[in-house]
Amino acid sequence: MSQTIYLTEDLYDYLLSHSLRESAVARRLRRETSKHERASMQISPDQAQFMALLVKLICARRTLEIGVFTGYSALVVALALPADGEIVACDVSEEWTSTARRYWREAGVDQKITLHLAPALETLTHLIDNGQEGTFDFAFIDADKENYGRYHECCLKLVRQGGLIAIDNVLWGGRVLDVSVRDEETQAIRRLNKALHQDPRVDISLVPVGDGLSLLRKK
Ligand code: CA
């Protein structure tokens, strides 16, 4: 059976050393966050670069970021946006996002990013109620997994036709397969993956980058 190559550590290092173009600020943020107790919540640098490429390919100007953490993905996406680009970012942690803000300022992209410190569903509902449907080109969903289905529904409204929704952690360290794992987060990811496979409103590709990234193009 032909299938996606298995990346050993050496091969992954090769991949990075032959493709990664990371800004010095982004690298410093990634290094600082790697010491954080929740470091695994940070996406891999090759995934961030892949998303930046997608954002450029679709000529995105306005994007949504659901789940900021310490701001690495937003920083890399912001650098890929045009000068008048804008990210509407959602998170609930003042502490985590204070690191994000510091690096966004340092990279000179802070004026592109509007951070809403509130439950993302509140922020997204507010955007929908304020006539912002169809005004976003790209959305990155990487927050509490229990709400993934709801975030996806909101993003389907907020993203324009032909726009892109990227959902992180859809392979969940392989736990999607392990029937002995039955916690709420894992079940929510399984439910969403099953639903997305059948969702006629989007074109789909589940890309095995990072912890699994589902790409959904709104039809
Ligand atoms: Ca993630």
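Since the structure is predicted, the reported quantities are computational estimates derived from the model, not experimental observations.

> Help me understand the packing of helix α3 (residues 45-57) against helix α4 (residues 72-80) in this model?
Two quantities define a packed helix pair, namely the angle between the helix axes and the distance between the axes. α4 packs onto α3 with a crossing angle of 35 degrees between their chain directions and a minimal axis gap of 9 Å. Judged by the twist between their axes, the crossing of α3 over α4 is right-handed. Residues P45, A48, Q49, M51, A52, V55 and K56 of α3 form the contact with α4, whose own contacting residues are Y72, S73, V76, V77 and A80. Across the contact of α3 with α4, the residue classes break down as nine nonpolar, two polar and one charged.

> I'm lost on the coordination of the calcium ion in this one. Help?
As a benchmark, a tetrahedral metal site with four donors has ideal angles of 109.5 degrees, while an octahedral site with six donors has ideal angles of 90 or 180 degrees. Note on the calcium ion: its protein donors are D142 (OD), D142 (OD), D168 (OD) and N169 (OD1). The metal-donor distances range over 2.3 to 2.7 Å. Donor residues for the calcium ion sit on one chain with the sequence pattern D-x25-D-N. Note that D142 is positioned in the loop between β4 (136-141) and α7 (148-158) and N169 in the loop between β5 (159-168) and α8 (184-198), a separation of 27 residues in sequence. Comparing D142 with N169, the two get one shared label, buried.

> What exactly am I supposed to notice about the nonpolar core here?
Side chains that are nonpolar tend, in soluble globular proteins, to be buried together. Judged by nonpolar contacts, the single largest core of 35 residues is most densely connected at I87, W104, I113 and F138. Considering every element that reaches this core, the biggest residue donor is α4, with seven residues. Look past the residues within four positions of I87 in its chain and what remains in contact with it is T63, E65, A74, V77, A78, L81, K112, I113 and T114. Of all hydrophobic cores here, the second largest spans 26 residues; its members include F136, C154, L156 and L216.

> Would you mind showing me how to read the packing of aromatic side chains here?
The geometry of an aromatic ring pair comes down to the distance between the two centres and the angle between the two planes. Tallied over the entire structure, the rule returns one aromatic pair. Measuring from centroid to centroid gives 5.0 Å for F69 and W96, while their planes differ by 85 degrees, and the two rings are edge-to-face. Of this pair, F69 sits in the loop between β1 (62-66) and α4 while W96 sits in helix α5 (residues 94-106), and the two are 27 residues apart along the sequence. No difference in accessibility class separates F69 from W96, as the two residues are buried. Over the aromatic face of F136 sits the side chain of R62, whose NZ or CZ is 4.2 Å from the ring centroid. The ring of W172 has R175 lying over it, and the distance from NZ or CZ to the ring centre is 4.6 Å.

The rules behind each value
- Residues numbered from 1 in each chain as written.
- Predicted model: local features only at pLDDT ≥ 70, side-chain atom pairs only at ≥ 80, totals over all residues.
- Heavy atoms only, no water.
- Axes fitted to C-alpha atoms, helices over the stretch in contact; angles between N-to-C directions.
- Helix = DSSP H or I, 4+ residues; strand = E, 2+ residues; numbered from the N terminus.
- Left-handed = near helix turned anticlockwise from the far one by under 90°.
- Contact = heavy atoms within 4.5 Å.
- Nonpolar A, V, L, I, M, F, W, Y, C, P; charged D, E, K, R; others polar.
- Donors = N, O, S within 2.8 Å, 3.2 Å for Na, K, Ca; no water.
- Buried < 20%, exposed > 50% of the residue type's maximum accessible area, 1.4 Å probe, protein only.
- Core = buried A, V, L, I, M, F, W, Y, C linked by side-chain atoms within 4.5 Å.
- Phe/Tyr/Trp six-rings, centres within 6.5 Å; stacked < 30°, edge-to-face > 60°.
- Lys NZ or Arg CZ within 6 Å of the ring centre and 35° of its normal.

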